[in-house]
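Structural characterization, general
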Amino acid sequence: MTHIDSGAGLDPVHPVAPPGTRPAGLTRAEVAERVARGQVNDVPVRSSRSLGEIVRANVFTRFNAIIGVLWVVTLFVAPIQDSLFGFVILANTGIGIVQEWRAKKTLDSLAVIGETRPTVRRDGRSEQVPTSSIVLDDLVEIGPGDKIVVDGVCAEADGLEVDESLLTGEADPVVKHPGEQVMSGSFVVAGGGAFQATKVGREAYAAQLAEEASRFTLVHSELRSGISTILKYVTWMMIPAALGLIVTQLVVKSNDFKGSVARTIGGIIPMVPEGLVLLTSVAFAIGVVRLGRKQCLVQELPAIEGLARVDTVCLDKTGTLTEGGMDVTALKPLDGADESRVREVLAALGASDPRPNASLQAIIDAYPDGEGAGGNGDRSLVSTLPFSSARKYSGAAFRAGDGEVTGWLLGAPDVLLSPKDPALAETGRLNEQGLRVLLLARAARDLDGPDPARGARPVALVVLEQRLRPDAAETLRYFADQDVQAKVISGDNAVSVGAVARKLGLSGKAVDARRLPADPADMAKAVDRATVFGRVTPQQKREMVGALQSEGRTVAMTGDGVNDVLALKDADIGVSMGSGSEATRAVAQIVLLNNSFATLPSVVAEGRRVIGNITRVATLFLVKTVYSVLLALLVVAWQVEYPFLPRHLTLLSTLTIGVPAFFLALAPNKERARPHFVRRVMRYSIPGGLLAGVATFVTYLLARHHYTGADALAAETSAATLTLFLISMWVLAIIARPYTWWRLALVAAMGGAFLLVLTVPWLQDFFALRLVGNTMPWAAVGVAVVAAAALEVVWRWVGRRFPV
């Protein structure tokens, strides 16, 4: 029997090759020879940055360069106390490197666990090898869900259908015949076969694409792009303010050179929100380590942030809500069919598929290959019709001893039968119980015809029971509590899927996807109204994700089968099970290596912790930047000495920003991440910084009128420092809300540390802080109290006037 071409409207059918005719593949000697020549698939697909890249990314930054130059200058012209800011930057950079290195080690170890291991045929035997061990001319075996990892030429095809949409954008699977090209980056959706590798390593079509997609990244997220935008504007603000400050302190005032340089640097340093980028990197890196301990591989770091923003999660039933395995619970012959004959045919169908899916595996377990099946006894396999998610059935043809060929189909009853067939009534009753039902039908047409299911005669119903994941109900409850809408999207019968969803506590309307409107706008409304969808094709899954996104939803898609790949790719966040197909693991941003749906809440919680807390602490950093720029401009306008030395602002930054921000950034936070990061941060930072700067300068001017003599500048600085510290503490107190015992303890500890500096003599000398008299210190406190009250009023007004 010759291969039947699958033209328009035809399902691909492939004859079974005679035993003993398949190629043996390369020999060990031939493999060794190619390895020696360097003809190996050596693309360095990495899950993380190298140590050198980590060090460069943390050390060679724009602001580190600015601070580094100023630090070196300060070391020469000022006491060591004024150089403390440089040592803080060194410590921060070291922390960033260590934390990202820890994240790298975690990612690398998890990547090895989840690594794709293709099957190659060598010396006539099949074996799994790492992707990097494939050599030129290797014979690579493929089946449903397998990703094609190198370019090659099809050598064997058994109803082989390949999806090349990730490369070409063409949604329809392509039928492959021996001699035709297969490209890396595509994946198998039906059938099986083997191909000979013709291009390996960097020569392969999708090698660079695969490398970039699998690399640990710290970019392309709203959070990090928002921080980059803020830093860009900060840089532009710094330039005129710093230049004006330099001119004022060195030329106009004609002060002592070293003192003028120290105060100039003291004015420039706090403009730099140097800890913000570090804290973001550390928070992300710690998130990766925490999730890694739960066997969650984050293939793209912004996925942590993305899942925190999700408001809709689409769940594939099989493998997500239910475990992969199934059990045959009943066999119901129809129209007087002989049960023993039905068992025999089911055994034969099971034996005909070298890569059975979960449903067929349950049939194989219940009816093992026996007499008369798959080539034994008086029946031999002629051709197969592999299962496809699009058509919802598979088939095989057998030749009996008398030469008669009989075709059999196994699949969805509502697809194989006409709507009025009485067998569907029984199917419906079983579906309502949450059971999965397959129909065994005798084909009335050749399997290679345009519609092999037309006229099929029902023979038996095979009833399967799915195993619910024990943690699925609790996970769905978590999403409901967190205001994340769950939608079940499955290829199974809608009634059956709805029954399973109800068992897990997920209520809502169940819809047959074949009745969904084709118009995108109407589909979006229909998808928004319903909760459970059955009989969804792979292309429809993709369209439904797009429909939800068109409604402004942030969509996560979970799945483990090849039919989920397109939807996983288009979703905002794709989540794959570790036991899923190679294709799903390749396109997903997050892989749950322990195959536990219950891990998802941990990922969501980690994302919310990172995003919510960074948004919170970014306000602290940027309030400092705003008041530092304002103070510099006021000093230039009033032609006075800058009120602070670097040591003063190092102390204030450490107590009111650095230490508190570290703890606040790593605290639990369950609030769903909201968009518009820059607006959310700046609407509080700008008024907060302006009030702090104005209040501090008012105190400074009052002190200049109050104090006279040689030590007047030191007394003026101390009074201004007290006001700025109290306002900064009030900003911290607002940011720390809602209060818990540890947040109150944190704020109190920072206040206590500053009080210690003001009361311990050697600390007073070290930081050049000594409050003189009673009038100005109390005036400084009074100004700070007025500014704090104004800050409360202004922030509340801003929250109402400029909602995000």
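A few points on the structure.

1. A few points about the sheet that holds strand β17 (residues 485-489)
Judged by pairing direction, the sheet is mixed, and its eight strands sit side by side in the order β9-β22-β21-β20-β10-β17-β19-β18 without closing on themselves. The outermost strands of the open sheet, each flanked by one partner alone, are β9 (296-298) and β18 (510-512). Within the sheet, the average angular offset between the axes of one strand and its neighbour, ignoring direction, is 20°. Here strand β20 (residues 555-559) pairs with strand β21 (residues 573-577) via four bridges, running parallel. Across the sheet, residue G559 finds its bridge partner in β21, namely S576. Across the sheet, helix α16 (residues 494-503) touches β17, β18 and β19 (532-534), and the angle it forms with β19 is around 145°.

2. Topic: empty space enclosed by the protein
Regions of empty space are outlined by a rolling probe, equal in size to a water molecule, passed over the atoms. With the rule as written, the count across this model stands at three cavities of 30 Å³ or more. In this structure, the largest cavity is lined by L620, V623, K624, Y627, T656, I657, S728 and V731. It is helix α21 (residues 600-638) that contributes the most residues to the lining of the largest cavity, four residues altogether. Here the residues of the lining of the largest cavity sort into five nonpolar, two polar and one charged.

3. A look at the pattern of salt bridges
On inspection of all chains with the given rule, the structure shows 27 salt bridges. With its nearest N and O atoms 2.8 Å apart, the salt bridge here joins D414 to R535. Pair noted here: D414 is in helix α13 (residues 413-416) and R535 is in the loop between β19 and α18 (538-550), with a separation of 121 residues, a long-range link. R535 carries the same exposure label as D414, and that label is buried. Between R515 and D512 there is a salt bridge; the shortest N-O distance is 3.3 Å.

4. Looking at unusual backbone geometry
Residue R737 is joined to P738 through a cis peptide bond whose omega torsion reads -5°. Its place among the elements puts P738 in the loop between α24 (712-735) and α25 (741-759). A positive phi angle, close to 50°, is found at D335, a residue other than glycine. Position of D335 relative to the elements: it lies in the loop between β11 (322-333) and α11 (339-352). Look at D335 and you get exposed, because its relative accessible area is 66%. Even without being glycine, Q639 reaches a positive phi, approximately 55°. By the secondary structure assignment, Q639 is in the loop between α21 and α22 (646-665).

5. A word on the environment of R529
Tracing the sequence through the fold places R529 in helix α17 (residues 520-529). Each C-alpha atom of the pair R529 and Q639 lies 66 Å from the other, and the pair is 110 residues apart in sequence.

6. Some words on the environment of V793
Note on placement: V793 falls in helix α27 (residues 775-801). Along the backbone, V793 and S225 are 568 residues apart, and their C-alpha atoms lie at a distance of 31 Å.

7. Focus: the packing of aromatic side chains
In the structure shown here, the tally under the stated rule is nine aromatic pairs. Relative to F87, the ring of W71 lies with its centre 5.2 Å away and its plane at 80°, an arrangement referred to as edge-to-face. Placement of W71 in helix α3 (residues 62-77) and of F87 in helix α4 (residues 84-113) is noted, with a sequence separation of 16 residues between them. Linked through ring pairs, W638, F697 and Y700 together constitute an aromatic cluster. The ring of Y233 is capped by K232, whose NZ or CZ atom sits 5.4 Å from the centre of that ring.

Rules used in this analysis
- Residues numbered from 1 in each chain as written.
- Predicted model: local features only at pLDDT ≥ 70, side-chain atom pairs only at ≥ 80, totals over all residues.
- Heavy atoms only, no water.
- Pairing = 2+ DSSP bridges.
- Helix = DSSP H or I, 4+ residues; strand = E, 2+ residues; numbered from the N terminus.
- Axes fitted to C-alpha atoms, helices over the stretch in contact; angles between N-to-C directions.
- Contact = heavy atoms within 4.5 Å.
- 1 Å grid on protein atoms, 1.4 Å probe; cavity = no way out; pocket = protein on both sides within 12 Å on 5 of 7 lines; lining within 4 Å.
- Points joined across faces, edges and corners; volume = space filled by probe spheres on them.
- Nonpolar A, V, L, I, M, F, W, Y, C, P; charged D, E, K, R; others polar.
- Salt bridge = Lys/Arg side-chain N within 4 Å of Asp/Glu carboxyl O.
- Buried < 20%, exposed > 50% of the residue type's maximum accessible area, 1.4 Å probe, protein only.
- Phe/Tyr/Trp six-rings, centres within 6.5 Å; stacked < 30°, edge-to-face > 60°.
- Lys NZ or Arg CZ within 6 Å of the ring centre and 35° of its normal.

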